[in-house]
Amino acid sequence: MSTTDTVQDKITKTCDGIAHLLIGKNERYGNSALEPMRVFSRADPAEGILVRLDDKLSRIKHSSNDGKPLRKNDIADMMGYLVLYCVKQGWTDFDDLID
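Residues numbered from 1 in each chain as written. Predicted model: local features only at pLDDT ≥ 70, side-chain atom pairs only at ≥ 80, totals over all residues. Heavy atoms only, no water.

1. Details of the overall build of the chain
Keep this limit in mind: The numbering of helices and of strands both runs from the N terminus, where a helix is a DSSP run of H or I of at least 4 residues and a strand a run of E of at least 2. Note on method: radius of gyration uses C-alpha positions; expected globular size equals 2.2 Å times residues raised to 0.38. Burial classes follow relative accessibility: with a 1.4 Å probe on protein chains only, a residue under 20% of its type's maximum area counts as buried, one over 50% as exposed, and anything between as partly exposed. Contacts between residues were defined by any pair of non-hydrogen atoms, one from each residue, lying within 4.5 Å. Here, Shrake-Rupley sampling with a 1.4 Å probe gives the accessible areas, and only protein chains in the shown set may cover a residue. Charged residues are defined here as Lys and Arg on the positive side and Asp and Glu on the negative side; His and the ends of the chain fall outside this count. Working definition for charges: the position is that of NZ of Lys, CZ of Arg, CG of Asp or CD of Glu.
Regarding its fold elements, the chain presents three helices and zero strands. For 99 residues, the compact-globule estimate of 2.2 N^0.38 gives 13 Å, and the chain exceeds it by more than 25% at 16 Å. C-alpha atoms of the chain, sized along the principal axes, occupy 50 × 40 × 30 Å. By the burial criterion, 21% of the 99 residues in the chain qualify as buried. Contacts spanning at least 24 positions in sequence make up 52% of the contacts within the chain whose residues lie at least 6 apart. Entry remark: accessible area of the chain is about 7,800 Å², with carbon and sulfur atoms responsible for 57%. A distance of 10 Å separates the average location of the 14 positive side-chain charges in the chain from that of its 16 negative side-chain charges.

2. Topic: the state of the cysteines
Under the convention used in this document: Whenever a pair of cysteine sulfur atoms sits within 2.5 Å, that pair is classed as a disulfide.
Scanning the model with the defined rule gives zero disulfides in all. In this structure C15 is not part of a disulfide, and its nearest cysteine sulfur, from C86, lies 11 Å away. Judged by relative accessible area, C15 falls into the partly exposed class, the value being 48%.

3. Here's the deal with the pattern of salt bridges
Heads up, the rule is: Here, a salt bridge means any Lys or Arg side-chain nitrogen found within 4 Å of an Asp or Glu carboxyl oxygen.
For the coordinates displayed, the defined rule picks out five salt bridges. Taking the shortest distance from any N to any O, the salt bridge between D5 and K13 comes out at 2.7 Å. The salt bridge partner of K56 is D74, with a shortest N-O separation of 3.2 Å. In this pair, K56 is assigned in helix α2 (residues 45-65) and D74 in helix α3 (residues 72-89), connecting sequence segments 18 residues apart.

4. Some thoughts on the nonpolar core
Spelled out, the test is: Among buried residues, those of type Ala, Val, Leu, Ile, Met, Phe, Trp, Tyr and Cys that are joined through side-chain atoms within 4.5 Å constitute a nonpolar core.
Core analysis: the largest hydrophobic core is formed by 13 residues, its most contacted members being I49, L53 and L84. Counting residues per element, the ones that place at least two in this core are α1 (7-29), α2 and α3. Examining the composition of this core, we find that five residues originate from one element, α3, more than from any other. With sequence-adjacent residues up to four places away left out, L84 is seen in contact with L22, A33, L34 and I49.

Below, the structure written as structure tokens:
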């Protein structure tokens, strides 16, 4: 990103980057978050995503307690899980939330 990018440009690039990451992982690993194999867990896919978020938050908390900085990967994982949760819930339009 150049220094002349507006905040709006940076928001768009960040969201596009997360979309690219999620699509790439989906192509490599399949749609495991929304269509799990159900080998061990019978949890609803939305519940499974929430469990993954809980696990990630726990790892972040323990890492920060050990003095480790928050990593780009941690943030990308959290954003990815949140996007997948929105997809599962059918929340793909957020215009109604603009004040």
